[in-house]
Structure formats: C-alpha cells, structure tokens
Amino acid sequence: MNIMVAKTAGFCFGVARAVNFAYDMVQSQKTPGTIIGLGELIHNGHVIKELEDKGMVFKEHVSDIGYASQVIIRAHGVGPSIIEGLSKRQCEIFDYTCPYVKKIHQIVSKKYKEGCQIVIIGNKNHPEVIGINGWCENTAIVLDDVDENILSKIGEKCIHLVAQTTFNKKKFYEIVNFIKKNCKMVAISDTICNATVKRQEETFALSQICDIMIVIGGRKSSNTVKLYEICMENCKEVYLIENFEDLPQNINFKKKIGITAGASTPSCIIEEVICKMEEKEMTSVAQNSDNEEMSFAEAFEQSLKTLNTGDVVKGTVAEVRPNEVIVDLGFKSDGIIPLSELTDDPDMTPEKLVKVGDEIEVFVVGVNDAEGKTLLSRKKLEAIAGWKTITEAYDKGEILTGKVIQVVNGGMIVSTTGTRVFVPISQANDRYTQDLTPFMGKEVTYKILEINEKRRKVVGSVKAVLQEQNKILEDKFWGEAEAGKKYSGVVKSLTPFGAFIDLGGVDGLLHISEISWSRIKHPSDVLSVGQLLEVYIKDLNVETKKISLGFKKIEDNPWAIAQNKFNEGDVVSVKVVRMLPFGAFAELLPSVDGLIHISQISNKRIAQPSDCLEIGQVVDAQITALDWENKKISLSIRALLPKEEAPAPAAASQEKTQEELADTSYTEEMNVTIGDAIKIDTDEN
Ligand code: F3S
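Residues numbered from 1 in each chain as written. Predicted model: local features only at pLDDT ≥ 70, side-chain atom pairs only at ≥ 80, totals over all residues. Heavy atoms only, no water.

1. Comments concerning the overall build of the protein chain
Helix and strand counts for the protein chain come out as 17 helices and 34 strands. Relative to its 685 residues, the protein chain shows a buried fraction of 47%. For the protein chain, restricting intrachain contacts to residue pairs at least 6 apart in sequence, the fraction spanning at least 24 positions comes to 64%. Total accessible area computed for the protein chain in this model is approximately 34000 Å², and 49% of it derives from carbon and sulfur atoms. (Helix = DSSP H or I, 4+ residues; strand = E, 2+ residues; numbered from the N terminus. Buried < 20%, exposed > 50% of the residue type's maximum accessible area, 1.4 Å probe, protein only. Contact = heavy atoms within 4.5 Å. Areas by Shrake-Rupley, 256 points an atom, 1.4 Å probe, with all protein chains shown as cover.)

2. Focus on the state of the cysteines
According to the stated counting rule, one finds zero disulfides in the structure shown. Not engaged in a disulfide, the cysteine Cys235 finds its nearest cysteine sulfur in Cys231; these two sulfurs lie 6.8 Å apart. Taking relative accessible area as the criterion, Cys235 reaches 4% and is therefore assigned buried. (Disulfide = S-S within 2.5 Å.)

3. Quick notes on the side chain of Thr165
Relative to the elements of secondary structure, Thr165 occurs in the loop between β8 (159-163) and α7 (169-182). By relative accessible area, which is 6% here, Thr165 ends up buried. In this structure the side chain of Thr165 is engaged in a polar contact, spanning 2.6 Å, whose partner is the side chain of Glu128. (Polar contact = N/O pair within 3.5 Å; in protein donor to acceptor, adjacent residues only side chain to side chain.)

4. Some words on the packing of helix α4 (residues 99-113) against helix α5 (residues 127-134)
Two numbers describe how α4 lies on α5: the axes approach to 8 Å, and their chain directions differ by 35°. Viewed along their axes, α4 and α5 form a crossing whose handedness is right-handed. Residues Val101, Ile104, His105 and Val108 of α4 form the contact with α5, whose own contacting residues are Glu128, Gly131 and Ile132. Looking at side-chain class alone, the contact of α4 with α5 contains four nonpolar, two polar and one charged residues. (Axes fitted to C-alpha atoms, helices over the stretch in contact; angles between N-to-C directions. Left-handed = near helix turned anticlockwise from the far one by under 90°. Nonpolar A, V, L, I, M, F, W, Y, C, P; charged D, E, K, R; others polar.)

5. Regarding the pattern of salt bridges
Two side chains bearing opposite charge may form a pair once their charged atoms approach each other closely. Under the definition given, this model contains 22 salt bridges. The partner of Arg321 in a salt bridge is Glu319, with the nearest N and O atoms 3.0 Å apart. Residue class for Arg321 comes out partly exposed when judged on its relative accessible area of 27%. Through salt bridges that share partners, Lys110, Lys111 and Glu114 make up one connected network. (Salt bridge = Lys/Arg side-chain N within 4 Å of Asp/Glu carboxyl O.)

6. Points about helix α16 (residues 558-565)
Among all positions in α16, only Pro558, Trp559 and Ala562 are buried. An end-on view of α16 places all buried positions within 95° of arc, on one side of the element. Where α16 begins, one side-chain oxygen reaches toward the backbone nitrogen of Trp559, 3.0 Å away; that side chain belongs to Asn557. (Arc of directions from axis to C-beta.)

7. Regarding unusual backbone geometry
Negative phi values dominate among residues other than glycine, just as trans dominates among peptide bonds. Although it is not a glycine, Gln90 sits at a positive phi angle of roughly 55°. Here Gln90 lies in the loop between α3 (80-88) and β5 (92-95). The phi dihedral of Glu137 is positive, around 55°, even though this residue is not glycine. Position of Glu137 relative to the elements: it lies in the loop between α5 and β7 (141-143).

8. A short note on the packing of aromatic side chains
According to the stated counting rule, one finds nine aromatic pairs in the structure shown. When the ring of Phe582 is compared with that of Phe585, the centres are 6.4 Å apart and the planes differ by 85°; the resulting orientation is edge-to-face. For the residue pair Phe582 and Phe585, the accessibility class agrees, reading buried in each case. Ring pairing ties together the aromatic residues Phe21, Phe94 and Tyr96, which thus form one cluster. The ring of Trp517 has Lys552 lying over it, and the distance from NZ or CZ to the ring centre is 4.4 Å. In this structure, Arg578 is placed above the aromatic ring of Phe585, and the distance from its NZ or CZ to the ring centre is 4.5 Å. (Phe/Tyr/Trp six-rings, centres within 6.5 Å; stacked < 30°, edge-to-face > 60°. Lys NZ or Arg CZ within 6 Å of the ring centre and 35° of its normal.)

9. Regarding the nonpolar core
The nonpolar side chains of a soluble globular protein tend to be buried, and buried together. Core analysis: the largest hydrophobic core is formed by 30 residues, its most contacted members being Ile214, Ile216, Leu247, Ile257, Ile259 and Met277. Contributing elements (two or more residues each) for this core: β1 (2-5), β10 (212-216), α9 (222-234), β11 (237-241), β12 (256-261) and α10 (267-279). Once residues lying within four places of it in the same chain are set aside, the contact partners of Ile214 are Tyr239, Ile241, Leu247, Ile251, Ile257, Gly258, Ile259, Thr260 and Met277. Counting residues in hydrophobic clusters, the runner-up holds 25 residues, among them Ala22, Met25, Met56 and Ile72. (Core = buried A, V, L, I, M, F, W, Y, C linked by side-chain atoms within 4.5 Å.)

10. Some words on the confidence of the model for the protein chain
In regions of low pLDDT, the predicted coordinates are not meant to be interpreted in detail. Averaged over the protein chain, the pLDDT score is 83; the fraction of residues at 70 or greater is 87%. Predicted confidence is poor over residues 281-305, with pLDDT under 50, and the contacts of this stretch with residues over four places away or in other chains come to 54 contacts. pLDDT under 50 marks residues 645-685. Its contacts with residues more than four places away, or in other chains, come to 47 contacts. (pLDDT = per-residue confidence, 0-100.)

11. Regarding the site of the ligand
Taken together, Cys12, Gly14, Cys98, Tyr100, Thr165, Cys193 and Thr196 form the complete shell of residues around the ligand. Within the shell around the ligand, the residues separate by chemical class into four nonpolar, three polar and no charged. (Near = heavy atom within 4 Å.)

12. Thoughts on the sheet that holds strand β30 (residues 571-580)
Strand order in the closed barrel made by the five strands is β30-β31-β32-β34-β33, with mixed pairing throughout. Neighbour-to-neighbour, the strand axes of this sheet turn through a mean angle of 50°, independent of strand direction. In the sheet, strand β32 (residues 592-597) pairs with strand β34 (residues 632-636) via two bridges, with the strands oriented parallel. Paired with Leu595 across the strands is Ser634, a residue of β34. (Pairing = 2+ DSSP bridges.)

13. A few points about the pairing of β8
Most of β8 sits inside the fold, with five of its five residues counted as buried. Neither face of β8 is exposed, since Ile159, Leu161 and Ala163 on one face and His160 and Val162 on the opposite face are all buried. Relative to β8, strand β6 (residues 117-121) runs parallel, the two being bridged by five bridges. In the strand pairing of β8, Val119 is matched with Leu161. Here β8 pairs with strand β9 (residues 186-188) via three bridges, running parallel. When the bridges of β9 are listed, Leu161 appears paired with Ile188.

14. Points about the sheet that holds β8
The four strands are arranged β7-β6-β8-β9 in an open sheet whose pairing can be described as parallel. The sheet is open, and its two edges are formed by β7 and β9, each paired on a single side. Adjacent strand axes in the sheet meet at a mean angle of 25° when their direction is disregarded. In the packing of α4 onto the sheet, contacts are made with β6 and β8, and the angle to β8 comes to roughly 170°.

15. Here we look at α9
What α9 keeps buried is the set Ser222, Asn223, Thr224, Lys226, Leu227, Ile230 and Cys231. Lining the buried residues of α9 we find α8 (194-209), β10, β11 and β12.

16. Quick notes on the side chain of His160
Structurally, the position occupied by His160 is in strand β8. In terms of polar contacts, His160 uses its side chain to reach the side chain of Ser189, at 2.8 Å. The residues touching His160, leaving out its near neighbours within four places in the chain, are Ile107, Lys111, Cys116, Gln117, Ile118, Val119, Ala187, Ile188 and Ser189.

Here's what the structure looks like:
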C-alpha cells in the first residue's frame, strides 16, 4: 500500500491553542461543569466528547450560561454583543479567538466605522462569519458564490471585502473579480488564513497524484468540507471520514492513497486511521516527499511531532515581528511566540522585550502547527514561577505588587510575575469605587485572599493593604494628636455643614464657620475636594474619635486688620454695598463695612440714601467714629463737603430727630451682625 500523508494535516495553531487551553482548564477544574465552552470548541465530535467526559459543558447561547461562569471563547471568535452579554453575567472570559480571526474583527470594525459596506465572503451560517458580522452590527453582505443580486444591495457605497479564514482561495478570487468588475470602490482584505492556504494547496497537489483521497475531519467543519471539495476536483475516489469506522470496507489499499485532515482534527484520530489501515495488513507508507518506506505511525509521528506540548525548551530569537517572536528551536520547525503569549503588559511590544540572537526559554503550547511553526509561550513559564511566588506570599500573608492589566465586570485583573489575580470591585479600594478604569495600567499592592490550586484561581485584595496602612497611620495619629497641633490635610469631601479633611489616615471636620472670615453659603464656595489645607486641631475626643479642626487665622481677621489700619479722622475711599432708610453701608475692607448715616451723605436734606448714592459707587468719606469692640465704624461724606454748604439750623434740628431715629436702627442692626441681611419695614420707619 502506498499512503501519502499531508504535512499540513491536523490542528492549526489557532485551534491547537484553544483546545490545549480547554484541556488544561478541565484537568484543573474542581467541580465538573464549571468550565463552559460557548459553542462547540471545534467541529470534531471526538474532542468534544472527550472534553465533555472530563466535565466541560458546551452551551450555544449566552442566555444558557449561568452567572459568574468561566467561559472559553473558541477560535472562531464572537461579536462584541456576546462579550457584552457574558460580561453582564459577570463571567470570567477566556478569549481564545484565533489571532488571525481577531485581525478580521479589527478590520471590519474600522472599515464599518469609516462608512464602508462590509462584504464577507464565506458561509453565512458559520460561527466565524456570524462573529465577524457582529463587528459591523450585522450589516455585512455575506456570500459564498458569485451572486448578481448583491449588486443592487451594494449600490454606490464603498465596499470592503473580507474572507472567512478557511474559505477556498480560488473561489474567493472568483467572487472578488466579479465584484471588482461591477462595483466602483472596492477594497479587499484577503483574510484567508495562510495555514488554510497551505493545507488547501497541499491537498490539491496530493489529490492530483493519488487514486484515493481520504479527508479526515468533522462534517460540520467548513475547512474539512473545503478540502473534500478540492480533492473532488482531481480525484474520483474521495472519502470524508470522521474516524476509521467511517472508512468503507471495500477500499482498495493497493491504490495510491492520500490522507489530509481539517484544522480541527486531532493528531490522535489521524494516527488511529493510519494504524487501523496498517492493521489491515498494510505494510508500508510512502511519504509524499521522498517515498521512503517506514511504518505508517512512524511516518505520521515524524511528519507532525518534533516537540511535545508542555516541554520547556531553550531556543534563539530568530526574528522579532510587531506581534510575534520567531524562535529557532533547533528542531525541524521554528517556534512562534504570539504577543499574547509573550506578555500581559498592554504597553509592551516584542521589540522592547527581546532582540534577535537572545537565548530564550519557552514553554511549548502546541505542536503540529499547519504553518510549520510550533506555538510557544513565555507567559506560561513566568506563570509557573509566578504561581510559586503567589502561593508563598499567601502562606506568609505577604504583600504583593502587580500591574492592573484588565478591568472586567465585577473587578480587575492584576498581573504579578505572569499570574492573573482577580481583585473584586469590593476589594479594589478602601472606599466604594464604581469605576475601576482609572486603575488600568497602574501598579497596586495587594494581599492574597484566596487561592484555588485546582482552578488556578487567585483572589486578591488591595483594600486589605490600604486598611492595614490606614490602621498604622491612625494609631500613629492618635498617639501624637493634641489640641492646637497643625496638620497639612487634604479635603476629602464637602457637606453643607463643613469639610472633612484627611489628616493622614484620620479624618477631621472643619465646620463651615471655621472655613472663612467672610460669610459663605457652602464650603464649596472656597474649598474643593483634593485641595491641600493647613489646619489645626481645635478640639478632639479620643473616645469617640471625633476631631474638630480650625483653619481661619487670627491675623487674617479683617476687623483686626482694620483696627491696625484705620484711625478716626482718616479719609477713606469706600464702596457702597447696601442701602437702608437710615443710611448706606460702605465697604472699607472685605467683610468690614461702615455706616454713612443719611444725615452724613449730603449737606442738603435728603429723603433716602438712594437720592445721592447707588450700590457699587465708590465715594470718599471720613471716619468719624470707631467702636472696635462692637465692630462699628461711622463714616461721613458730608464732613468732607465745603462748610459754607452746611444746612440751615432749622433743617439741622429736624434732622437731629431723624438722626436719633436712625441711630436706634443702626444700633439694632449692628447688634445682629455686620453683614447680615436685615428686613426693614419701611412703612414703620
Ligand atoms: Fe486561525 Fe487559521 Fe486556524 S485562522 S483558527 S490558524 S485556520
């Protein structure tokens, strides 16, 4: 028997990545049923059954998934509404969308926002296409063949074309050419995955030289079906099988047989097919490259496996690309570290971390990559070391430092030496914090609250560290606090009755009356949250832990300043600030007003102050009397007027009566508080 096995048969790197992760997860889960796959992880019944047997559950819809579940997103990817739906359910999301599919999401989202009509060339019912369509709000035109009818739908719009990653390249360009011929503004992103192209090309070549082609893979797998279609173009006898049992009994093993497999076919199934054929007295395998004879299993093994998943190996950095690092492992194939497996730090790029020629230790995540690369991870290695650090810190109750790398519903993810630590929102700060986005990218210190070894889940608390630090500060404060002691505080919050000032672990109240010498309606008139303030303790109660603070300084008292500045007889420029029937109040200094009695406004008889003055007017007046104790200042404009214009005696006598009346009012007014608004009943006066 002459069998030729396609080198590209089996898992592609995107599928290997998701499947390996799922196996890791189910193996470490404590309670079966807690790991949920959103949709079948791959189109392969064997793998799905094995994962289900290990306790993984597959759900088709977000609404079927319980709150706070751990959900794996498969390589096909999903639209943004699905992520949103899972986040609303507070699920922990493990997004294993293939990076190549992610790239399509980015293109579609960008071009859609720029106003393009998105056209997806692919199968409209395929989950990958449904996911891609989600990134343009499901407005894409999806077609899998030349279709005249779509021209009317497109109209004059600019079009951006993308392809399902596993779409047939030849068909894709048939459709592209048709659209280009009929539409004006067409941009094309050929998003067919290279692994798919290579697989299809090799299958095409193999099917040209073989009598029988066996395509191994799921019947629901789009890329497997495409391989079948390609084989049918060249070969009369083609079988699409999911496993050996599907292979017809009457197959003529004497013919030249080619074997290929879809991207979601595990190597164990390919191997099983070959071995079972071997058991049917097949004795030799001809490799498609050199016809060298060897056992089928060996041939397959050699064509696929050079390294094992889980190996830790050393290699040399051969190339540094913007999103990945290529590592020469000294094996048949190079290794690839995608950026996502290099670091969790969103600010880092491969160039910042490694350079060509660096020796690097890596963890093998997956072999048998269809692109001839082996998937590697630095993060996994760091995570192994990080886990040790985390468990030791937990045992010893030590404080750890990490960087916030993700804000998720219900909390944030902090990365410490490659280990992801979940900090719930209630533990993210020492006071209620609704929005954690300001923490993104920041370093935080935290303590481990809980470790789940099996599920590799770690819960941390920033709050615990802050509370410990506050307790130390609080104890220190109360040990040293005394009335009169000065502090530099920070305004923490403002209320109608005053401001709370953080004195360093302890808050004190600065009453509104202590904030300013002037009258204020609300502390926010002069203070703002976060402002630094020099305060002193007016009073404190160690029992109730209450602190009253003072802020106003005696030397700032405007009446004290006025006392030093003004003397009787001084001529001052003053501003009229209020008028009452018996006179006008004029401001000498902020918060220091004097009274210009109605009789002292003019040397003529006037009915009311507004006959000569208006609010805001600046006038010269002489200080005629000072009573610092009662905070009274008497002013006179009249004293500065020429003497010959003095009023006649008769008028003066009448005026005295009015003056006496006004003096009474003035005294009453001043007994209230200078500056208070007073309601005067003008009819009575
Ligand atoms: Fe990704 Fe290509 Fe596989 S797009 S999932 S590597 S076929």
